[in-house]
Amino acid sequence: MNEKIPPGQPGVVPRWTSSAKNGVGTALSAQSPLWFTLSHGIINEVYYPDVDQANIRDLGFLVSAGSDFFSEEKRAADVKFAPLSEGVPGYRLINTCREKRYRITKTVVTDPERPVLLQKVQFEPLQGELHAYNLYALLAPHLNNHGADNNGWVGNYKGVPLLYASCSDGLFLAMGCSIPFKGMSCGYVGTSDGWQDISQHKRMTWFYSHAPAGNIALTAQIDLIGCDGKFVLALGFGHSAEEAGQHVRAALLKDFDQTAQTYIQQWQAFQHDCRDLSKVGKANSNLYRISTAVLKMHDTIRYSGGIIASLSIPWGNIKGDHDLGGYHLVWPRDAVEAAGGLLAAGDANSARHTVLYLMATQDDDGHWPQNMWLDGSPYWSGLQMDETALFIVLADQLRRSKQLASLDVWPTVCKAAAFIASHGPVTQEDRWEENSGYSPFTLATEVVGLLAAAEFADEAGESSIAAYLRQIADTWNDNIERWTYVTNTDLAQQVGVDGYYVRIAPPDVLTKGNAANCTLTLKNLPPDQADFSAADIVSPDALALVRFGLRPADDPKIINTIKVIDAVLKTETNTGPLWHRYNHDGYGEHADGYGFNGTGIGRGWPLLTGERAHYELAAGNKAYAQQLLAVMTAQASVEGGLISEQVWDTDDIPKQNLFNGHPSHSARPLVWAHAEYIKLLRSLKDGKVFDMPDYAVQRYQKVKITSPLATWRFKHKCSSIPRGKCLRVEVLAAAQVHWSGDNWQTSQTISTTDSGLCIYFADLDTDKLTTNSTISFTFYWEAAQCWEGTNFEVGVE
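Since the model is a prediction, treat every value here as computed from it, not as a measurement.

Analysis parameters
Residues numbered from 1 in each chain as written. Predicted model: local features only at pLDDT ≥ 70, side-chain atom pairs only at ≥ 80, totals over all residues. Heavy atoms only, no water. Pairing = 2+ DSSP bridges. Helix = DSSP H or I, 4+ residues; strand = E, 2+ residues; numbered from the N terminus. Axes fitted to C-alpha atoms, helices over the stretch in contact; angles between N-to-C directions. Expected span 1.5 Å × (residues − 1). Buried < 20%, exposed > 50% of the residue type's maximum accessible area, 1.4 Å probe, protein only. Left-handed = near helix turned anticlockwise from the far one by under 90°. Contact = heavy atoms within 4.5 Å. Nonpolar A, V, L, I, M, F, W, Y, C, P; charged D, E, K, R; others polar. Core = buried A, V, L, I, M, F, W, Y, C linked by side-chain atoms within 4.5 Å. Polar contact = N/O pair within 3.5 Å; in protein donor to acceptor, adjacent residues only side chain to side chain.

Visitor: Kindly report on the sheet that holds strand S11 (residues 150-157), identifying the contributing residues and their values.
Guide: Judged by pairing direction, the sheet is antiparallel, and its nine strands sit side by side in the order S6-S7-S8-S9-S17-S13-S12-S11-S15 without closing on themselves. For this open sheet the edge positions go to strand S6 (77-85) and strand S15 (210-214), each flanked by a neighbour on one side alone. On average, each strand axis in the sheet is tilted by 20 degrees relative to the strand beside it, whichever way the strands run. Looking at chain direction, strand S13 (residues 172-177) and strand S17 (residues 230-238) are connected through six bridges and run antiparallel. What sits directly across from Leu173, in S17, is Phe237.

Have a look at this one:
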């Protein structure tokens, strides 16, 4: 064993690996806080001690024979892949060398009693004898979401040879085998690692005992003759080398088949408790069970209910330590969507855990971070109003189904509703996390969230707060078309409609009067190509107005918008239609298949196919909704049945494994997409949209309530109001409003009313003012005992 530090420290710049997963797995046990992912026939990221912490890049095998044969299974083998049982995320992989030299069969599970990943492996020579081959396990540690500054060394636990790695954060891994390793080494990736050694020399010639502070790789030779080609490989974790080593040894001492059987039985028990939606329409029974398992395994152990977006890093092969989070973070929106999927599958307990998790991570002002680590620490800092509103929607789904149990959600709902009321309707970022303004999707969630909060307020005996929340909801609902619907544009004329809902109207639409007069700067495009008229950018987001009950499916404006998004955003693929997020989207692979790196070309999203199917069901087109369910099924990965964030929708690029109508290399699996699939199954079974609230339908479609109010606030300074509306002025402190409707020839003073949500309002009796009148007003602040010093004006249309 060479005691010197291997050459080439610290190794090449670390990168993650492909996000095109074929499988993800974990044990349903609090004793086993470990998650794994699979692609290209090998282990990819392994997460421990929770789903937001990736600790390896990959773990696979190298094969050599004689002086002229070298093979890496992930590049040189064809993979056959199957779950151990329907709905069980344990897997059997058969990797066959394309030169027909060898076959590697693996059974992959985690130990339900400890944080250890286990692979039962059989190596078979297809040419020659077993003794002619050498087999090596190659492991790339990336502890605590970092590929840099890892430490590796050769060691043992109680005499059992192990390979170890650690990082400065006190996290350790150990790799061992059911038969002692024949040789072990540590090196730096790209210079002195096992791949470099064995690919050059066709056998292991470097034996370095330790490799500190770098992008490292650990290599172990398997004693094929000693085990007759059959062995168990174990990868364990702990907060000390001894703990990780003990876990590995204990797992290896157990009978693998018994461990695997326990793993399978735990998942079968979960699937048994889920609602049977496997025979709905053209459903794929296996995909439904895969989807329920995907949602369940993206939940956490230590922070129950904290569901991350995906156990993947989109385009990970070009991403490094600068992208610590990948998609293994909690987006409140995605967590709510996933919890809704679990609720649709009959798992109300998991949905309730997500409500509790979000109650515990709510910021003091009532909102949630754009995304966050499991402990609630923000990662990105954008403000997305739909994420605050959707919490209320989820809590209300549980309330309406009488599944809240003993949870008292009203204090959390009240704070969230107050935040929406005081900061909406404009959102700093829409649900695509890119632009600010008036988004039809965000507006739909805000309105229904406020209505849901009013239901909670009534139950809490807060009737005045309930009335106020409904007044805001009514006012914003009345203005959705005013803010986001455009008419007589070039695009409308091309499609043959009078108008349509835009993707988002920038905040200055209030002063410019119409989205057609506003410029929208798109992200993910080169700066010189990013500016468009807001009226030229469309999205399926307006379908949320139907999904949440605010508009009927046959509303002419909705039908017009459907025609436009089909003309602009729909793409036919070999597996069926897809819809894009919006036109000119740059979030996706480049034309040559190279991963998104700040710019690219947006591809179709399967979850949008699910949303369109929900619209069709609401419109009474159940047959088409069932067809779109079949499309979602066909667009899941062939091996593994995982639904991706995006689907490749242009010509095949076989060298990049990109095929028309099949998953791209964006996030896979995407929890949100699997949740949408489950909700669609439930909706088709029930014959109605699963998450459409009846009270919104009653209020806006049946009773057709409108608002007598138009609102003004400092963050939402309307420049004009329709004639006949009463102007409500809303501020965040008690004040007296001094105002005039006749250029100060006469004036009135009115004190604000406390809404009970830290918002104060005054209704100015302007509903009888004539067209072209001007309302002038200013404030005297009661606490500060001073005047605002500025007059504000609002015209009457």
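More follows now that the structure is in view.
Visitor: Residue-level account of helix H11 (residues 440-459), with values.
Guide: Taking 1.5 Å per residue as the helical rise, H11 with its 20 residues ought to reach 28 Å, and the 29 Å between its terminal C-alpha atoms agrees with that figure. Most of H11 sits out of view: 17 of its 20 residues are buried. Just downstream of H11 lies Gly461, where phi reads positive at about 80 degrees.

Visitor: Go over the packing of helix H9 (residues 385-400) against helix H10 (residues 410-423) with me, naming the residues and quoting the values.
Guide: The contact between H9 and H10 brings their axes to 10 Å, and the two run at 145 degrees. Every pair of crossing elements has a handedness; the one defined by H9 and H10 is left-handed. Of H10, the residues touching H9 (which contributes Met385, Thr388, Ala389, Phe391, Ile392 and Ala395) are Thr412, Val413, Ala416, Ala417, Phe419, Ile420 and His423. Its residues assigned to classes, the contact of H9 with H10 shows 10 nonpolar, three polar and no charged.

Visitor: Can you lay out the nonpolar core for me, pointing to particular residues and giving the numbers?
Guide: In terms of nonpolar packing, the biggest core is built from 236 residues, with Met175, Phe231 and Leu235 touching the most fellow members. The residues touching Phe231, leaving out its near neighbours within four places in the chain, are Phe61, Gln119, Lys120, Val121, Leu135, Cys177, Ser178, Ile179 and Ile222. Core analysis: the second largest hydrophobic core is formed by 20 residues, Ala710, Cys718, Val737 and Phe779 among them.

Visitor: Explain helix H16 (residues 556-569) residue by residue, including any values.
Guide: Taking 1.5 Å per residue, 14 residues should reach 20 Å; H16 reaches 19 Å between its end C-alpha atoms and fits that length. Along H16, the residues that are buried comprise Ile558, Asn560, Thr561, Ile562, Val564, Ile565 and Leu569. Two to three positions downstream of the cap, the backbone nitrogen of Lys557 sits 2.8 Å from a side-chain oxygen, assigning the N-cap of H16 to Asp555.

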